[in-house]
Amino acid sequence: MLRVGFGGSTLYRGLPAIIRSFRQLHPGIELRLQELNTAEQITALKRDEIDFGFINGLETPDGLDGFRFCREPLLACLPSDHRYATKRSVQLEKLAGEEFILFGRSASPAYFNSILEACQSAGFSPTVIHEVRHWVSVISAVAHGLGVALVPRAMISAHIAGVVLLPLKGGNVVSETRCVWKADSDRYDAQTSFAMLVQERVAMNDDAAGSEIRA
C-alpha cells in the first residue's frame, strides 16, 4: 500500500494525473489518498502514517525530505459584486479595509504567515474574521459575501460561482507546494516510482509555464 496525504488545492495541480499513471504502472498496489492540512501531513509523515505528503511552504520541514512541486502566484478572490470585480487586476493595498478569510495558522502556518507578511508589506494588517480548513471553503465563504481572500492560481479550475479571481498588480505573492516524505524512511520501488512521476509532472509544469511560475 502507498499512502499519500494532500491538501485540496493539489487536486487542481495535477495530482489526479499522477495517481492514474501510478495505478497503470502498479495495478497490484493499493494507493490510498487522505486529505489533510499541512500540519496534519507533517505529523502523519513523522509517525509513519502516510508515505508522501503535498504541503504548503517555502522550505522542507525538519525531519523530512522533498522538493518543490508547484510555485504559483496568489490571486485576489473577491465576491462577484465587489467594487473591483470588473477590474483586470487589483493592488493589494486597495484591500486594506476588507475583512479577510484565511486558513487557520495551526492548519497551514506557511500560508497564514505569507498572507500576513504580504499585507504588512502593502502597508496594512489584515482583519481576519474567518479561519477555515479547505480552499473550497475559503472561496465559498467569499462567494457568500463573508470577506475576501488570497488563493493559489490553481483554484481558478474549481469554477466556483459568485467569485472573481484577479492578479495582484505590482505584487509578487506566491504559494509553494512541496512533495515531502520522511527523511529516514526506507524507500521501496513503489515509493521511488511515485516520486519520479511527481518529478515528471514538475518538469511538465515548468515547460508549460516557462518563467511565469518561476518568477
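Every value quoted in this text rests on a predicted model; they were computed, and no experiment measured them. In this convention, every chain numbers its residues from 1, walking through the sequence in written order. A pLDDT threshold of at least 70 governs which residues receive local features in this predicted model, and a stricter bar of 80 or more applies before side-chain atom pairs are shown or counted, although totals over entire chains, interfaces and linings include all residues. Each side-chain value is worked out from all heavy atoms of the structure, with water and hydrogens disregarded.

(A) Structural view of the overall build of the protein chain. In terms of regular secondary structure, the protein chain is built from six helices and nine strands. In this description the radius of gyration comes from C-alpha coordinates, and the expected globular size is given by 2.2 Å times residues to the power 0.38. Against the globule reference of 17 Å for 215 residues, the protein chain gives a C-alpha radius of gyration of 18 Å, in line with a compact fold. Seen through its principal axes, the protein chain has C-alpha atoms that stretch 55 × 30 × 30 Å. Counting every position in the protein chain, which comprises 215 residues, the buried fraction comes to 48%. Contact criterion: two residues are considered in contact whenever any of their non-hydrogen atoms come within 4.5 Å of each other. Across the protein chain, the fraction of contacts at a sequence separation of at least 24, relative to all contacts at a separation of at least 6, is 78%. When the accessible area of the protein chain is evaluated, it comes to approximately 10,500 Å², of which 48% is carbon and sulfur surface. By the criteria applied, helices consist of DSSP H or I runs no shorter than four residues and strands consist of E runs no shorter than two, each listed in order from the N terminus. The buried label applies to any residue whose accessible area, calculated with a 1.4 Å probe on protein chains only, is under 20% of its type's maximum; exposed applies above 50%, and partly exposed to all values in between. The protein chains shown are the only cover counted for residues, whose accessible areas, like all others here, come from Shrake-Rupley with a 1.4 Å probe.

(B) Fine view of the pattern of salt bridges. Definition used for salt bridges: Asp or Glu carboxyl oxygen within 4 Å of a side-chain nitrogen of Lys or Arg. Per the counting criterion, the structure on display carries eight salt bridges. For Lys182, the salt bridge goes to Asp48, with nearest N and O atoms at 3.2 Å. You can see Lys182 sitting in strand 9 (residues 174-182) and its partner Asp48 sitting in the loop between helix 2 (38-46) and strand 3 (53-56), a full 134 residues away along the chain. The class of Asp48 is partly exposed, set by a relative accessible area of 42%. Glu176 is the partner of Arg71 in a salt bridge, and the nearest nitrogen-oxygen pair spans 3.0 Å. With Arg71 in strand 4 (residues 64-79) and Glu176 in strand 9, this pair connects stretches of sequence that are 105 residues apart. This pair shows no difference in class: Arg71 is buried, exactly as Glu176 is.

(C) Broad picture of the environment of Val173. Examined against the element boundaries, Val173 turns out to sit in the loop between strand 8 (163-166) and strand 9. Separated by 23 residues in the primary sequence, Val173 and Leu150 have C-alpha atoms spaced 9.1 Å apart. The contacts of Val173, once residues within four sequence positions are left out, are Glu72, Pro73, Leu74, Ala118 and Leu168.

(D) Layout of the nonpolar core. We call a set of buried Ala, Val, Leu, Ile, Met, Phe, Trp, Tyr and Cys residues a nonpolar core when their side-chain atoms join them within 4.5 Å. Within the largest apolar cluster, 36 residues are counted, with the highest numbers of intra-cluster contacts made by Leu92, Leu95, Phe100, Leu150 and Val151. Put simply, the parts of the chain that give this core at least two residues each are strand 4, strand 5 (99-103), helix 3 (109-121), helix 4 (135-143), strand 7 (149-152) and strand 8. In terms of residue count, helix 3 provides more of this core than any other element does, six residues in total. Judged by nonpolar contacts, the second largest core, of 21 residues, contains Leu2, Phe52, Phe67 and Val202.

(E) Fine view of the packing of aromatic side chains. Here a Phe, Tyr or Trp ring, Trp counted by its six-membered ring, pairs with any other such ring whose centre lies within 6.5 Å, and the pair is stacked when the planes are under 30 degrees apart, edge-to-face when over 60, and tilted otherwise. The tally for this structure, following the rule as stated, stands at eight aromatic pairs. Here Phe54 and Phe194 contribute two aromatic rings whose centre-to-centre distance is 6.4 Å and whose plane-to-plane angle is 75 degrees, an arrangement assigned as edge-to-face. Taken as a pair, Phe54 in strand 3 and Phe194 in helix 5 (residues 189-209) lie far apart in primary sequence, 140 residues in all. The buried category is assigned to Phe194, whose relative accessible area is 0%. One aromatic cluster is present, formed by Phe22, Phe52, Phe54, Phe67, Phe69, Trp181 and Phe194 through successive ring pairs.

(F) Fine view of the pairing of strand 5. By the criterion of burial, strand 5 is predominantly enclosed, with four of the five residues buried. Strands are treated as partners if at least two bridges between them are detected by DSSP. Note that strand 5 and strand 6 (residues 127-132) share five bridges and pair parallel. In the strand pairing of strand 6, Phe100 is matched with Val128. Orienting the strands away from the viewer, one traces the path from the first strand over the helix to the second; a clockwise path indicates a right-handed crossover. Following the chain from strand 5 across helix 3 to the adjacent parallel strand 6, one finds a crossover that is right-handed.

(G) Focus on helix 1 (residues 15-25). Within the span of helix 1, buried status applies to Leu15, Ile18, Ile19 and Phe22. Seen from one end, helix 1 has its buried residues packed into an arc of 100 degrees, which puts them on one side. Of the exposed residues in helix 1, those oriented more than 90 degrees away from the buried face are Arg20 and Gln24. The arc in question is formed by the directions pointing from the helix axis toward the C-beta atoms.

(H) Structural context of the environment of Ala85. When you line up the elements, Ala85 lands in the loop between strand 4 and strand 5. Owing to a relative accessible area of 12%, Ala85 belongs among the buried residues under this scheme. In contact with Ala85, not counting residues within four places along its chain, are Pro79, Ser80, Val164 and Leu166.

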